[in-house]
Structures are given as structure tokens and as C-alpha cells.
Amino acid sequence: MKISTRYIALSLIAVGLALALPACRTKKNAAAKPRTEAIPSMPGNVFEPSEALASLTSTYRTWNDVTLPVKLQLNSPSRFSISGQAKIINGKAMLLSLRMLGFEVASVYADDDSIVAVSKIKGVYFSEPVSRLTARYGFSLSDIQALLLGRPFTPGKGTIRPSDINDYVIESMAETFRGNDYAFSFQPKKMPEWVNWMFVAGGKADNEPSLLGLAIAPDGLKSIDCIYGEAVKTTAGTFSQSMRIGTTFKEKELDAMISWTFDRAQWNSGLTLTAPKIPSGCRRVTTEQLLKMLGTK
């Protein structure tokens, strides 16, 4: 089984969790919480790009790089979590260093060429090319970073910009959810034949909207549901403090979350990143073996 671009974001979380698993698994797994609710159907009238979407895009500012704490959590099929540090260069590279008791137990690196992960505690590493997949399907690392950080993206361009609004179909939602006074959905007018996806945003009356969720429907595969946490305002604009992602794989629920601590973020420090070195004697694991570590097989 090869990694598919539609699962790159989930794979980044899954890789980190699987490779750090021996360091953070509890002796007895607690009952897993149900998977996050799927985004409801969104009937409504199509309208021209609205002030609400324009308001949402206006909260996103440009940035070069960031270093901040990160937490990965698996709710199903097993249950555990681990924290660490994330270093991200916008549109170029990202590195997750996962730690236990102050020591790095696993690291996950991604750029436009590949995903590389190393587990020191297990003596294994994972490496898969990304460039040929992103070239084929039109996604970029900027898109994946936007997805993880809670910003809607235009395929191949990264975070949505005000100038992109005319490229989207926008629908008002017949009902709201999560206690918001209004909500709307928007999706690109042009999408690959193999997948459809729809963003959902909303907010309280007289307040700026924030991204609430993303529903992804890959052709021939189970849907992927992303639920975003509370919006956080930073010097680099608005982000989501968490993203919970759920899908079904081989008849098992896969429910994971990535959380960011933006109040401890360091912005635009001139980061440079390289892929982690693979220690001698490390054994390479495949995607199938990685999923087996998570309990999906």
C-alpha cells in the first residue's frame, strides 16, 4: 500500500503516534471516545462570495516560520498521547520532535519531496516520497500545513487569500452547529475527479467567522472528517488550536488529534530544517506495518 496524498495530513499524525507508541502507551487502554461527529449536510442557496468569507480570509496573515509546542493524541483504535515541539517553515518543511521525560523518542519530518520519521526507542524508520504524489494531484506542502494549522487552502496555493474567493462556491447553511449564530460552507469550483471536499466556517453574530470543519470524500474510500478547535489570534493571524481527524480504515475507527500551543509560539526566527538522521541499524517499516502499530490491522 502506498501513501496517498489524500491521507498525508493523517499520515503525519499517525506516523508520530505509531513511532512514539512504546513510550506513551498506558498499561490499560481507556475506553475510546466516539469519533467526532461528521459535518452535517449543508443545503442552502448558492450566492456570490460573501462578506463572511472575505472576513475569514482577512484574518490570515503571512508568516515565514514558527516554533511551538505540539501534542498528538490517538483516541481510537487505541488511546494515548505524546507532546513535543514543532518547527515549521511555511511552504518548505516541517519537523515534529516528540519527547518523553525530556528525551526525544521520535521525530517526523516532511517537505515537498518526502516524509521521513525515526523512532529511536523502536529502532525503526519510515520514509516515503511525496513529490510525485503532490505533482500528480496538485497538492503542496503549504496545503498540508494549512490543513493541520486550521486554515482553509486553495490546492497548490496554500492558505486561501481574498483574491481566491471567486474560485469557490459558497453556500449558506440551513442550520448551524457548535453553538454558532451562523455558518456557511465553501468548496473550490475545480477539484480533482477522485475527491471532493468542503470547508465549514461560522461564528457568533457581529464576530469574525472561524474555520469549524472540513469534510473530505475520496473516491472509493471512507470519508474523512476534520473538526477544528477554537480559533486563536496570533501576531501571524488566526489559526485553530487543534484539529481532530477521523476516518474508518479496514472497518476500524481511526480518531486522532493534533493540538498547538500558540501562546508559546516563536515566529519568524529564521529557521532552517533538515531531515532527521537515520541511526545505523534502524529497520525500515512500511505503511502497512505503521498502521499495524496503531492497531488498525
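Residues numbered from 1 in each chain as written. Predicted model: local features only at pLDDT ≥ 70, side-chain atom pairs only at ≥ 80, totals over all residues. Heavy atoms only, no water.

Draft legend 1. Structural detail: the overall build of the protein. Counting its regular elements, the protein contains five helices and 20 strands. A burial count over the protein gives 56% of its 297 residues as buried. Across the protein, contacts joining residues at least 24 apart in sequence account for 57% of those joining residues at least 6 apart. Summed over all atoms, the accessible surface of the protein reaches about 13,700 Å², with 49% contributed by carbon and sulfur. (Helix = DSSP H or I, 4+ residues; strand = E, 2+ residues; numbered from the N terminus. Buried < 20%, exposed > 50% of the residue type's maximum accessible area, 1.4 Å probe, protein only. Contact = heavy atoms within 4.5 Å. Areas by Shrake-Rupley, 256 points an atom, 1.4 Å probe, with all protein chains shown as cover.)

Draft legend 2. Summary view of a nonpolar patch on the surface. There is a patch of nonpolar side chains on the surface, built from Met100, Leu101 and Phe103 and spanning about 380 Å² of accessible area. Following the sequence through the fold, Met100 ends up in strand β4 (residues 93-100). (Patch = residues over 30% accessible without salt bridge, like charges linked within 9 Å, V, L, I, M, F, W, Y side chains within 5 Å. Salt bridge = Lys/Arg side-chain N within 4 Å of Asp/Glu carboxyl O.)

Draft legend 3. Representation of the pattern of salt bridges in the model. The final tally for this structure, using the stated rule, is five salt bridges. Among the salt bridges present, the one from Glu104 reaches Lys120, with a minimum N-O distance of 3.1 Å. Here Glu104, found in strand β5 (residues 103-111), pairs with Lys120, found in the loop between β6 (114-119) and β7 (124-129); they are 16 residues apart in sequence, far enough to count as distant. Overall, the relative accessible area of 24% leaves Glu104 in the partly exposed class. In this structure, the salt-bridge partner of Lys233 is Glu208, at a minimum N-O distance of 3.5 Å. Of the two residues, Lys233 sits in strand β15 (residues 231-234) while Glu208 sits in the loop between β12 (195-203) and β13 (210-218), which places them 25 residues apart along the sequence. Linked through salt bridges whose partners overlap, the residues forming this network are Lys157, Arg161 and Asp164.

Draft legend 4. Representation of helix α4 (residues 141-149) within the structure. α4 sits mainly inside the fold: nine of its nine residues count as buried. Of the residues making up α4, those classed as buried are Leu141, Ser142, Asp143, Ile144, Gln145, Ala146, Leu147, Leu148 and Leu149.

Draft legend 5. Broad picture of the pairing of strand β11 (residues 182-188). The buried fraction of β11 is high, at six of seven residues. When strand β10 (residues 168-172) meets β11, the two strands line up antiparallel, connected through five bridges. Note on β11: the bridge partner recorded for Glu171 is Ser185. Bridge analysis of β11 against β12 gives five bridges, and the strand direction is antiparallel. Its bridge partner lying in β12, Phe186 is registered against Phe199. Hairpin remark: β11 followed by β12, antiparallel, with six residues in the connecting loop. (Pairing = 2+ DSSP bridges.)

Draft legend 6. Structural detail: the confidence of the model for the protein. Averaged over every residue, the pLDDT of the protein is 78; the share at 70 or more is 77%. Ranking the helices and strands of the protein by mean pLDDT puts strand β19 (residues 266-267) first, with 98, and strand β1 (residues 46-47) last, with 32. Contacts for the low-pLDDT stretch residues 1-11, under 50 throughout, to residues beyond four places or in other chains number 34 contacts. Contacts of residues 16-49 to residues separated by more than four positions or lying in other chains number 98 contacts, the stretch itself having pLDDT below 50. (pLDDT = per-residue confidence, 0-100.)

Draft legend 7. Representation of helix α2 (residues 51-58) in the model. For α2, the complete set of buried residues consists of Leu53, Leu56 and Thr57. When α2 is viewed along its axis, its buried side chains cluster within an angular range of 95 degrees and face the same direction. Packed against the buried residues of α2 are β10, β11, β12 and β13. (Arc of directions from axis to C-beta.)

Draft legend 8. Focus on the environment of Ile89. Structurally, the position occupied by Ile89 is in strand β3 (residues 80-89). Assessed through its relative accessible area of 12%, Ile89 is described here as buried. Measuring from C-alpha to C-alpha, the distance between Ile89 and Gln145 comes to 9.3 Å, with 56 residues separating the pair along the chain. Contact partners of Ile89, with chain neighbours within four places excluded, come to Asn64, Asp65, Gln145, Leu271, Thr272 and Leu273.

Draft legend 9. Structural detail: the packing of aromatic side chains. A full pass over the atoms with the stated rule returns ten aromatic pairs. Taken together, a centroid distance of 5.8 Å and an interplanar angle of 80 degrees make the contact between Trp63 and Trp267 edge-to-face. Placement of the pair is Trp63 in the loop between α2 and β2 (65-76) and Trp267 in strand β19, with a sequence separation of 204 residues. Across the pair, Trp267 and Trp63 agree in class, each one buried. Arranged with centres 5.6 Å apart and planes meeting at 90 degrees, the rings of Phe153 and Phe199 form a pair that is edge-to-face. Here Phe153, found in strand β8 (residues 153-154), pairs with Phe199, found in strand β12; they are 46 residues apart in sequence, far enough to count as distant. For the pair Phe153 and Phe199, one class covers both residues: buried. Through successive ring pairs, a cluster of aromatic residues spans Phe153, Tyr168, Phe184, Phe186, Trp197 and Phe199. (Phe/Tyr/Trp six-rings, centres within 6.5 Å; stacked < 30°, edge-to-face > 60°.)

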